[in-house]
Each structure stands twice: as structure tokens, then as C-alpha cells.
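Examining the three-dimensional arrangement
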Amino acid sequence: MLRNRYVPTTLLATVLIATLGAAPATAAPATAAPATADPGPRTPPAPPTPQATSPTPLTPRTERVSTAADGTQLDGPSYTAAISADGRRVAFVTRAADLGCGGYTSCLKVKDLATGALTGIDLGGGHLYGASLLSADGSRVAFTANQRFNSPYLHDLNTGRTERLWPEDPPGFNELGSVNSLSPDGTHVAYTIGNRRGDANFRLLYVRHTATGSDELISPPEEGEKGGASVSGDGTRVAYQIGGHSEGSEDTADVFLKASGAGRVPLDAGLGTAELVRITADGHRVLFNARGGLYAYDVSAGTTERVTEGRASAATDDGHHAVVSRADGPHLVDLRTGRATAVGPAGARVTPGGVSADGGAVVFGSTAPDLVPGDTNGQEDVFLRHTR
């Protein structure tokens, strides 16, 4: 959701179907049997004891995603990964020459985890690609790319169409932009545009409504530099950050909420500098970092509560789970129970789109060579941690 950040639900279940067939019966030749005495009543045989069967549970495990379609490792680094909410697809940036990338160019790839197939999103002309976000079913990819200046884009995997996100007649001079958020159904994209003049890099915040192709201005330039944004599932509510963020700094960033037809509401009053994480898909809660912890703002009640310690980099669409950075690596935290589960090694990087629905899987970039067998390429790779 936040720009310029480094940014891998149980994915696969194997269903074994056993088909039991009985050989057709054949009639035996009739033979005369000698008469015997009636043995009297007989005790019927006991019915067979049914055997209890249950599927083998899937256990937490880690797999490498940044591989070729046949599973072989790549010869270049891969990073900034995002996963679809259904856990079917992972998008990542790579410089692997094996995939036609490398040198001064990078590639944006989407991997189908069920088949291993890789789909490239190619704007041509030596573009460099930044972090991406996937719709819940993985069919739409929002991303930032540049050839000279950054621009926001939306790609439809079903049609193969890529569109640049840009308002028809934005005020002032604008030459660059960045994707900030993608709604779960892929029909609303929050993005910023601006120029290179001082702090005007991301001064205008828009939401693209893909059904109509219209661009709604959410925050004008006079509100200041936009540090990030997140749009609700139906596009009617947008949370956004004004100003930059750094831990321990003065109050240089604030988080606001704006609903259609209403003014903006400040969410982090009294908490100092704040960093937006996301608004939930239903628009009921906004998650943001402040004072070394994660806070949740309840839109209906107008109240804010601290829900966990540490800085969150990603959260699920329903806001029930968040990935929080800790000294020993990222942890998946159930924000309802407080239970935390390690999902990667120290130094692993998780981007805003890095967790699937229900926290079932987390994708991250890491240079650790001992997470999976056979990792000998000496490069940063993208890994997927199944949490259950």
C-alpha cells in the first residue's frame, strides 16, 4: 500500500479419489450335493468394522516461489512479492537472466502455484518494475513501473490488457505516479501522481473506478504529500497518509479517512507520527502503525485501540491478521487472540500485499540460503510460508 517499500490460506490440496470396482460375478456349474442334516440356526457374521478415514492435515512449511516453471532455481535475484487472497497466484519482480531479465532491467512475473506457469507483464522498452498488488482471485495486478518516470498501471490476466492509470485533466504539472492500493475485486485502484519539484512527488490522490473508467480525486495537492493510501472494497471509503514516516521522528505523518460525499477525518490524534497499513475490505476498520505498535480505528464507533506490538507491513482483507516485523523476523499475528507465528527469518521483507486470506500464507523476500533444500544460487529469492 505504501510506495517504495519491499515489499508469498493453504494453497494446494491434493484430493485422492479411490475408485473401488467389483469383478462381475460368474455362475458356477450346477452339481448335485449330498443330503445333510439341518444344522439349525446360525449366528450371522459380524459386520466389518468401519475404518475411520480423514484427510492428512497440511503442516506449516516453506517453499520457494521464485523458480522457473519446472521448479529449477533462478540465476538472479527476485523480490517484492504479493499473493492473491485465495493463495493461487504470486507476483514478484526478478532480474533473473533465466527468465529474460537481468542487467539493468527487471521483469514482473505472476506464478500460478497450482501449475507452476509463469506469466510475464511486459511494457517493453526496458521498463523497471516496482512492487505489485493482486486482486483476491489474482486476475488483476496493480503495479508501478518506469522507463524514465514512475507510472501506475493495472493489468488484467484474463484479457492480457494493461492500462496506465492517469486522470484525464489533473491540475498542475504531473509527470510521475505510483500505485497504492487495489480493492479485493480489482475494480478500484488508489494511486497518486505528482512531479519532481520538492515535496510534490505524490501530491494528488485518485481512485480509479474500473467499471466506468472514471478517476475520483480524493485528496488535492494543498493537503500535502501523500505517503500512502488504501481503498475499501466498494470504493466508497479511502484511508490515506499525509507526510513521510520514520520510527521515533516528530509528528511528520498523519492518517485520515475520507468517505464519499464527506470530509476527511483524522485517525491518529495524540499518537504522534503514524503510518497507514490498510483499510479493511468492508471499510469498517483502518489499521495504522504508531508508537511502535499497530492500531485499529473503528469507523462506526470512532474509537482507536492498540492491537499488537511492532510495525506491521501487511494485513488481511478482513483485518484479522497482520504481518509484524520483529528482531528475529516477520511474525503473523492473529489480532483477535494475539497469537503470533514466525513466518520468516531475520531480515525477511514482506510487502503490503504479502499475506493471503485468513493468514494462511505469507510471501517474503530473503537471502537466507537454508530455507529450502537445494538453494545454491546465492541470490535473494521469494519464499512462501504456509502457516497451517
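Note: the structure precedes this text.
Since the model is a prediction, treat every value here as computed from it, not as a measurement. (Residues numbered from 1 in each chain as written. Predicted model: local features only at pLDDT ≥ 70, side-chain atom pairs only at ≥ 80, totals over all residues. Heavy atoms only, no water.)

**Some details on the pattern of salt bridges**
When the charged atoms of two side chains with opposite charge come close together, those side chains can pair. Our working definition: Take a side-chain nitrogen of Lys or Arg and a carboxyl oxygen of Asp or Glu: if they are within 4 Å of each other, that pair is a salt bridge. Helix and strand definitions here come from DSSP, where helices need a minimum of 4 consecutive H or I residues and strands a minimum of 2 consecutive E residues; each element is numbered from the N-terminal end. A 1.4 Å probe rolled over the protein chains alone gives each residue an accessible area, and that area as a share of the maximum for its type sets the label: buried under 20%, exposed over 50%, partly exposed in between.
Throughout the structure, instances matching the rule amount to 14 salt bridges. Note that R264 is salt-bridged to E223, the shortest N-O span being 3.5 Å. With a gap of 41 residues between them, R264 in strand β17 (residues 264-266) and E223 in the loop between β13 (214-219) and β14 (226-231) connect regions that are remote in the sequence. Exposure remark for R264: the relative accessible area of 38% places this residue in the partly exposed category. Salt-bridge contacts for E275 lead to R311; the nearest nitrogen and oxygen are separated by 2.9 Å. In this pair, E275 is assigned in strand β18 (residues 274-279) and R311 in strand β22 (residues 311-315), connecting sequence segments 36 residues apart. The class of R311 is partly exposed, set by a relative accessible area of 25%. What emerges from the salt-bridge pattern is a single network uniting R161, E163, R208 and D215.

**What about the sheet that holds strand β4 (residues 107-112)?**
Our working definition: Whether two strands pair comes down to DSSP finding at least two bridges between them. Fitted lines through C-alpha atoms give the axes, limited to the stretch in contact for helices. The angle between two N-to-C directions lies from 0 to 180 degrees.
Pairing is antiparallel across the open sheet formed by 4 strands, whose spatial order is β2-β3-β4-β5. Each end of this open sheet is capped by a strand with a single partner; those strands are β2 (78-83) and β5 (118-121). With strand direction ignored, the average angle separating the axes of adjacent strands in the sheet is 25°. Relative to strand β3 (residues 89-94), β2 runs antiparallel, the two being bridged by 4 bridges. Along β3, the bridge assignment pairs S78 with T94.

**Focus on the packing of aromatic side chains**
This is how it is decided: Here the aromatic set is Phe, Tyr and Trp, taking the six-membered ring for Trp, and pairing holds for ring centres within 6.5 Å; pairs whose planes are under 30 degrees apart are stacked, those over 60 apart are edge-to-face, and all others are tilted.
Throughout the structure, instances matching the rule amount to 6 aromatic pairs. Ring centres of F364 and F383 lie 5.8 Å apart, and the angle between their planes is 25°; on these two criteria the pair is classed as stacked. Of the two residues, F364 is situated in strand β26 (residues 361-366) and F383 in strand β27 (residues 381-386); the sequence distance between them amounts to 19 residues. In this structure F364 comes out as buried when scored by relative accessible area, which is 1%.

**Comments concerning the side chain of S230**
Let me state the cut-off plainly: Here a polar contact means two N or O atoms within 3.5 Å. Within protein one must be a hydrogen donor candidate and the other an acceptor candidate, and residues neighboring in sequence count only if both atoms are side-chain atoms.
Topologically, S230 is positioned in strand β14. Exposure remark for S230: the relative accessible area of 1% places this residue in the buried category. Here the side chain of S230 touches I279 through a polar contact of 3.0 Å, landing on its backbone nitrogen.

**What about the state of the cysteines?**
Selection criterion: Any cysteine sulfur atom paired with another within 2.5 Å is treated as part of a disulfide.
According to the stated counting rule, one finds 1 disulfide in the structure shown. Here C101 pairs with C107 through a disulfide, and the sulfurs are 1.8 Å apart. Judged by the sign of its S-S torsion, about -120°, the cystine formed by C101 and C107 is left-handed. By the burial criterion, C101 is buried, and C107 matches it.

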